[in-house]
Amino acid sequence: MIQTNRKEKGTAQNEDRNQKAEISHSSVLSSLSDKLQFPSFLRMVPPSTFQNMALARLVGHFHCTWVGMVVSNDELGLQGGQAIRKSIEDGGGCVAFMEQVNLQFSKERIIRLAEMIKGHTVKVVIVHSSEMHAKALLQTLYSLNVSSKVWIFSASFQIASEVLDNQAWKILNGSLGIAPYTGQMLNFEEFLHNLVPSRDVWDFEVALVENTWNVRSDKKENNQPSVDLEMTNALEDFINTILHYLKHIYFKTRTGEEIFFDENGDAPATYNILNVQIAQDEEFRVVKVGTLDSSAPNDRDISINAGAILWGVRHTQVPRSVFSESCPPGYRRAAKEGEPVCCFDCVPCSQGEISSGTDLLTCLKCPETQWPNERCDQCVHKVIEYLRYDEPLGQTLTSSAILLTFFTASVLGIFIKYRNTPVVKANNQGLSYLLLLALILCFLCTFLFIGCPGTLTCMLRQIMFGIIFSISVSCILAKTVLVVLAFKATNPCSCARKWMGSKIPICIVFLCSLVQTVICTAWLVKSPPFPELNMKSYNEKIIFECNEGDTVFFFYCMLGYMGLLATVSFIVAFLSRNLPGIFNEAKLITFSMLVFVSVWISFIPAYLSTRGKYMVAVEVFAILCSSAGLLGCIFFPKCYIILVRPESNSRQHLVGKTHHTDNKK
């Protein structure tokens, strides 16, 4: 027997025990989907489980996270209300209240409920109740002039003109609701009018029963109980056969709609989304504005024509019903203690973290080689930074080094050209040539600091700088010692005469440079510098630099020794600054050492307070300034005499000046 009438749970259980296939057009109890209890129950409407999810999806589609609920105080309303609430909260929303309603409630209770809804901050209220239970509440809300709320109705609420009066309709203006999808059946009315019972169909059913009975009938004659039993079995087989085909039925209508039952005997859960609208002529209309298909993927399960929706008198667009505004990208949600889940503060992502969406609970940490952009909504690759030739800072330092190298080479050329003049011959011209060559190398070694660091450049930059500068300062120290010895040697009785010659300056330069060479060699052997990507000094960029080794001990030893040489040279030159005029190079050396020591004393705090390419730039600047100080203070005055005052570049002039100085004393 195939029944198509409406039955409740208990009836369905009884029918199932009798192995009767039942197809329901209105039962929505979710428990009827249990095929262990109801194996022969089928229905053409989706169970309430899908309805609950559909309401939550509809609310979430419009980003309403702060809603209220009104449910009927029966099993269907209370259980469904809890399920809807859970679905909304799982989606990140909050249900501010869930109140019950019933047509038998007193007027005072209905008024209290209506006043509570009127004064509440929620702008969207879900009604999961039949229209009869909610009718009195709607009328009361109209009397309280509550027109600022948007109502969303479940499929339990049937919007019927014969049930609701004009007051309820006005409250419903702009509301949304869901109803089970009803397809179009082309020419169905014509089919009903032309339908005539077919004898062929009846003959087919009888033949099927008889065939089943004949197969199972016993060959014995006059055996009546066996015949009745076989007839019963035949009928049961017939019903089971039909039930089997019903469960597995699948076809498409002429309009393209699919008809089938799932494994639970339920039809596809598809709903129409309806909008109650009041036209200018005061006519009430229910307009289909979308569909919701639970079997579709999450990103395509809901389809709404937003332009067809009328939101009522108070709203011209989608109402904002939230307790806290959405957190934009770059922020995360921080729950307020003791408040519902949708009550939160927006907190900026921590350093090194991003959030690329809205209302995210956590921020994601960027990989080590990436860093958040300014909005902290995506990770971008860190900029690899080093002192480049093509940037203004690198171009300035490079140009300065080239220019100073040219000046130094020009001075060397002048000294070679005028090598036979007294100014050049004074104080050992060989040391002057060596010092100028060392200064040229000092300026050129700055190119080891500029550009992309490599294994070779990292190993050579500090080593070359230390050794070349030691040679330069050693030459100055040797010059200073020669000044003192030359003055002492003017006394015929002085033992300083035996120290005069080229061996003393060569020994000074060699020994002083050797000590620095030993320090640098030990540095290379023990812990050589190497190129490194430094990701810790700056958060937003990677510093491509030379790591000076496991320890900076050797680096400071190198600087300390160079400072010691410069200090000794300064002291000796300062003590001999008042020697006769022919030996007045001691004054020039004093000024040059004063500039040199001042530059490197200033270099240490500046070097330690900078990072990355600016640390390298500080060292290059110190090299250029100290070398330029030596070049300017020692050699430019002599070049001035050679090129501008050639009359002063004579032995007679220098001897006369010396005598004049001695007479003054």
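Residues numbered from 1 in each chain as written. Predicted model: local features only at pLDDT ≥ 70, side-chain atom pairs only at ≥ 80, totals over all residues. Heavy atoms only, no water.

A. Here's a closer look at the overall build of the protein. Counting its regular elements, the protein contains 18 helices and 22 strands. Within the protein, the proportion of its 665 residues that are buried is 42%. For the protein, long-range pairs separated by at least 24 residues make up 65% of all intrachain contacts whose partners lie at least 6 apart in sequence. Carbon together with sulfur atoms contributes 58% to the accessible area of the protein, which is approximately 35600 Å² in total. (Helix = DSSP H or I, 4+ residues; strand = E, 2+ residues; numbered from the N terminus. Buried < 20%, exposed > 50% of the residue type's maximum accessible area, 1.4 Å probe, protein only. Contact = heavy atoms within 4.5 Å. Areas by Shrake-Rupley, 256 points an atom, 1.4 Å probe, with all protein chains shown as cover.)

B. Region of interest: the sheet that holds strand S6 (residues 124–128). The eight strands lie next to each other as S5-S4-S6-S7-S8-S11-S12-S13, forming an open sheet whose pairing is mixed. Edge positions in the open sheet fall to strand S5 (94–101) and strand S13 (302–304), since each of these has one partner strand only. On average, each strand axis in the sheet is tilted by 25° relative to the strand beside it, whichever way the strands run. Bridge count for strand S8 (residues 176–180) against strand S11 (residues 270–278) is five bridges, and the pairing is antiparallel. For Leu-176, the partnering residue across the bridge sits in S11 and is Asn-275. (Pairing = 2+ DSSP bridges. Axes fitted to C-alpha atoms, helices over the stretch in contact; angles between N-to-C directions.)

C. Up close: the side chain of Arg-333. Note that Arg-333 resides in strand S14 (residues 331–335). Discounting residues that sit within four places of it in the chain, Arg-333 has contacts with Gly-92, Cys-327, Val-341, Cys-342, Phe-344, Asp-345, Asp-359, Leu-360 and Leu-361.

D. Just a nonpolar patch on the surface, in detail. Together, Leu-403, Phe-406, Phe-407 and Phe-636 give the surface a local cluster of nonpolar side chains, amounting to about 400 Å² of exposed area. At three residues, helix H10 (residues 392–417) tops the list of elements feeding residues into the nonpolar patch. (Patch = residues over 30% accessible without salt bridge, like charges linked within 9 Å, V, L, I, M, F, W, Y side chains within 5 Å. Salt bridge = Lys/Arg side-chain N within 4 Å of Asp/Glu carboxyl O.)

E. Seen up close, H10. Helix length check: H10 (26 residues) gives 37 Å between terminal C-alpha atoms against 38 Å at 1.5 Å per residue, within 8%. Restricting attention to buried positions, one finds in H10 the residues Gly-394, Leu-397, Thr-398, Ala-401, Leu-404, Thr-405, Thr-408, Val-411, Leu-412, Ile-414 and Phe-415. Contacts from the buried residues of H10 go to helix H11 (422–425), helix H12 (429–444) and helix H17 (613–643). (Expected span 1.5 Å × (residues − 1).)

F. The pattern of salt bridges, seen in detail. Here the structure, examined in full by the defined rule, presents seven salt bridges. In this structure, Asp-90 engages Lys-86 in a salt bridge whose closest nitrogen and oxygen atoms are separated by 2.9 Å. With Asp-90 and Lys-86 both in helix H3 (residues 75–90) and four residues apart, this pair spans about one turn of that helix. Using a relative accessible area of 58% as the deciding quantity, one classes Asp-90 as exposed. Owing to a relative accessible area of 51%, Lys-86 belongs among the exposed residues under this scheme. Lys-336 serves as the salt-bridge partner of Asp-345, at 3.7 Å between the closest nitrogen and oxygen. Overall, Asp-345 belongs to the partly exposed group, its relative accessible area being 39%.

G. Quick peek at the packing of aromatic side chains. By the definition in use, this model includes 17 aromatic pairs. Put simply, the rings of Phe-465, Phe-469, Trp-523, Phe-555, Tyr-556, Phe-596, Trp-600, Phe-603 and Tyr-607 pair up and form one aromatic cluster. Across the ring face of Phe-105, the terminal group of Arg-109 is positioned such that the distance to the ring centre comes to 3.7 Å. Just above the ring of Phe-344 sits the side chain of Arg-333; from NZ or CZ to the centre is 4.1 Å. (Phe/Tyr/Trp six-rings, centres within 6.5 Å; stacked < 30°, edge-to-face > 60°. Lys NZ or Arg CZ within 6 Å of the ring centre and 35° of its normal.)

H. Geometry of the pairing of strand S22 (residues 541–547). Taken across its seven residues, S22 has six buried, putting it largely inside the fold. When strand S21 (residues 530–534) meets S22, the two strands line up antiparallel, connected through five bridges. Following the sheet pairing, Phe-530 is matched in S22 by Asn-547. In textbook terms, the turn of a hairpin is the stretch between consecutive antiparallel strands, and for S21 and S22 this stretch comprises six residues.

I. Representation of H3. An ideal rise of 1.5 Å per residue puts 22 Å on 16 residues; H3 measures up with 22 Å between its terminal C-alpha atoms. Those residues of H3 that sit buried are Gly-77, Gly-80, Gly-81, Ile-84 and Ile-88. Seen from one end, H3 has its buried residues packed into an arc of 110°, which puts them on one side. Exposed and oriented more than 90 degrees from the buried face of H3 are Glu-75, Gln-79, Lys-86 and Asp-90. Those residues of H3 that are buried lie in contact with helix H2 (48–61), strand S4 (66–72), S5 and S6. One or two steps after H3, the chain reaches Gly-92, where phi turns positive at roughly 95°. (Arc of directions from axis to C-beta.)

J. Representation of the state of the cysteines in the model. Throughout the structure, instances matching the rule amount to four disulfides. Paired through a disulfide, Cys-349 and Cys-363 show a sulfur-sulfur distance of 2.0 Å. On the sign convention where negative is left-handed, the bridge of Cys-349 and Cys-363, at about -75° about the S-S bond, is left-handed. With a gap of 14 residues between them, Cys-349 in the loop between strand S15 (344–348) and strand S16 (353–354) and Cys-363 in the loop between S16 and strand S17 (364–365) connect regions that are remote in the sequence. Between the sulfur atoms of Cys-366 and its disulfide partner Cys-379 the distance amounts to 2.0 Å. The sign of the -90° torsion about the S-S bond sets the Cys-366-Cys-379 disulfide as left-handed. With Cys-366 in the loop between S17 and strand S18 (370–372) and Cys-379 in strand S19 (residues 379–381), this pair connects stretches of sequence that are 13 residues apart. (Disulfide = S-S within 2.5 Å.)

K. Representation of the nonpolar core in the model. Judged by nonpolar contacts, the single largest core of 69 residues is most densely connected at Phe-415, Phe-465, Phe-469, Leu-559, Phe-596, Trp-600 and Phe-635. Not counting residues up to four positions away in its chain, the partners in contact with Trp-600 are Phe-465, Phe-469, Leu-559, Met-562, Ala-622, Ile-623 and Ser-626. Within the second largest apolar cluster, 29 residues are counted, among which are Cys-94, Leu-113, Val-276 and Cys-343. (Core = buried A, V, L, I, M, F, W, Y, C linked by side-chain atoms within 4.5 Å.)

L. The side chain of Asn-547, seen in detail. Mapped onto the secondary structure, Asn-547 falls in strand S22. A polar side-chain atom of Asn-547 sits 3.1 Å from a polar atom in the side chain of Glu-532. Once residues within four sequence positions are removed from consideration, Asn-547 is found in contact with Pro-529, Phe-530 and Glu-532. (Polar contact = N/O pair within 3.5 Å; in protein donor to acceptor, adjacent residues only side chain to side chain.)

M. Local environment of the sheet that holds S22. Here we have three strands laid out as an open sheet, ordered S20-S22-S21, and mixed in their pairing. Looking at the sheet topology across the chains shown, the edges are occupied by strand S20 (383–385) and S21. Neighbouring strand axes in the sheet, compared pairwise and without regard to direction, differ in orientation by 25° on average. Of the pairings in the sheet, the one linking S20 to S22 comprises three bridges and is parallel in character. By the bridge assignment for S22, Val-383 is matched with Lys-541.

N. Representation of the pairing of S11 within the structure. For S11, a buried count of nine out of nine residues is recorded, marking the element as mostly surrounded by other parts of the structure. Of the two faces of S11, the one carrying Thr-270, Asn-272, Leu-274, Val-276 and Ile-278 and the one carrying Tyr-271, Ile-273, Asn-275 and Gln-277 are both buried.

O. Examining the packing of H10 against H17 more closely. Contact geometry for H10 and H17: axes closest at 10 Å, N-to-C directions at 25°. The angle between H10 and H17 places the two elements in the roughly parallel class. Every pair of crossing elements has a handedness; the one defined by H10 and H17 is left-handed. Contacts between H10 and H17 involve Leu-393, Leu-397, Ser-400, Ala-401, Leu-404, Phe-407, Thr-408, Val-411, Ile-414 and Phe-415 from the first element and Tyr-614, Ala-617, Val-620, Leu-624, Ala-628, Leu-631, Phe-635, Phe-636, Lys-638, Cys-639, Ile-642 and Leu-643 from the second. (Parallel < 35°, antiparallel > 145°, perpendicular 65-115°, else oblique. Left-handed = near helix turned anticlockwise from the far one by under 90°.)

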